[in-house]
Amino acid sequence: MSVTVETRPTETAMPLLRLLAYWRIKYLRRRTLDGGLPARADIEPERLKEILPNLFILEVKGAPVGPGELPQGPVVWRLAGTGVVGFLGSDPTGKALDDCAAETLRRGLVRATGLALGHRRPVTCTGLERMPWRYGVPESGRQARFEVAIAPLARDGRRIDMLIGVLSFTTAQRPDTTGPREPACQVV
């Protein structure tokens, strides 16, 4: 006798799956044309309406990053949806990725960005963040489990100049001891 177990993605994973599926379609289309990565110009925000609040774009300042290269300048927030702004407690647009106030999320984003740049592929990251704020108001004891997906974009198809990402999270009143203390990232 065989047993079939159906697993459904969690509510927080749905925006990640949506962005990754969309990026893969753009990647396959661009790869067929010129063998490269999708560009920011290939992204059609109207096709991502349901995840726009959770969407963000990071920009690689300085020269774009080619295969095997490291960024010469900082990675900065170019755009952050309202859900991202709400989670962070302020709008990060124009600020360096390293300046993110949420400590665990910052470490996860920096690690995921490095992996996406190095592997030239999407990366997912999960973690647990203490939330000493909620829309600017301190609240001790609150935590959020976050999930992030980041995918590379390259204007010329080759040298990465931006990354598109999505942040999804759930909050909990009680401390969660089951989540990772350090963000866990993987290339997908």
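Residues numbered from 1 in each chain as written. Predicted model: local features only at pLDDT ≥ 70, side-chain atom pairs only at ≥ 80, totals over all residues. Heavy atoms only, no water.

Focus: helix 3 (residues 103–119)
- Here helix 3 contains 17 residues, and its C-alpha end-to-end distance of 24 Å stays within 8% of the 24 Å for a straight helix at 1.5 Å per residue.
- Here helix 3 has its buried residues at Thr104, Leu105, Gly108, Leu109, Ala112, Thr113, Ala116 and Leu117. (Helix = DSSP H or I, 4+ residues; strand = E, 2+ residues; numbered from the N terminus. Expected span 1.5 Å × (residues − 1). Buried < 20%, exposed > 50% of the residue type's maximum accessible area, 1.4 Å probe, protein only.)

Here's the deal with the side chain of threonine 113
- The residue threonine 113 is located in helix 3 in this model.
- A relative accessible area of 4% places threonine 113 in the buried class.
- Discounting residues that sit within four places of it in the chain, threonine 113 has contacts with Leu58, Val75, Leu97, Ile150 and Leu163. (Contact = heavy atoms within 4.5 Å.)

Examining the nonpolar core
- Judged by nonpolar contacts, the single largest core of 45 residues is most densely connected at Phe56, Trp77, Leu105, Val148, Ile150 and Ile164.
- Looking at this core, the elements with two or more residues in it are helix 1 (14–34), strand 1 (55–60), strand 2 (75–80), helix 2 (82–88), helix 3, strand 3 (123–130), strand 4 (143–153) and strand 5 (162–172).
- No other element matches the seven residues that strand 4 contributes to this core. (Core = buried A, V, L, I, M, F, W, Y, C linked by side-chain atoms within 4.5 Å.)

A few points about the pairing of strand 4
- Judged by how many residues are buried, strand 4 sits mostly within the fold: 10 of 11 residues are covered.
- Relative to strand 4, strand 3 runs antiparallel, the two sharing eight bridges. Across the sheet, the residue bridging to threonine 124 is alanine 149, located in strand 4. (Pairing = 2+ DSSP bridges.)

Some details on the packing of aromatic side chains
- Applying the stated criterion across every chain, the model contains three aromatic pairs.
- Measuring from centroid to centroid gives 5.0 Å for tryptophan 23 and tyrosine 27, while their planes differ by 10°, and the two rings are stacked. Taken as a pair, tryptophan 23 and tyrosine 27 lie in helix 1 at a separation of four residues, close to a single helical turn.
- Ring geometry for phenylalanine 56 and tryptophan 77: centres 5.4 Å apart, planes at 55°, overall tilted. Pair noted here: phenylalanine 56 is in strand 1 and tryptophan 77 is in strand 2, with a separation of 21 residues, a long-range link.
- A relative accessible area of 2% places tryptophan 77 in the buried class. (Phe/Tyr/Trp six-rings, centres within 6.5 Å; stacked < 30°, edge-to-face > 60°.)

Examining the confidence of the model for the chain
- This prediction gives the chain a mean pLDDT of 83; 79% of its residues lie at or above 70.
- Confidence scores differ between elements of the chain, with strand 3 showing the lowest mean pLDDT of 87 and strand 1 the highest of 96.
- Of the regions scoring below 50 in pLDDT, residues 1–8 engages in zero contacts with residues more than four places distant in sequence or in other chains. (pLDDT = per-residue confidence, 0-100.)

Some remarks on helix 1
- Under the 1.5 Å per step criterion, the end-to-end length of helix 1 is 30 Å for 21 residues, consistent within 8% with the ideal 30 Å.
- Taken together, the buried positions of helix 1 are Pro15, Leu16, Leu19, Leu20, Tyr22, Trp23, Lys26 and Arg30. Taken down its axis, helix 1 places every buried residue within 165° of arc, on the same side. Within helix 1, the exposed residues directed more than 90 degrees away from the buried face are Leu28 and Thr32.
- Following helix 1 by one or two positions, glycine 35 has its phi on the positive side, about 75°. (Arc of directions from axis to C-beta.)

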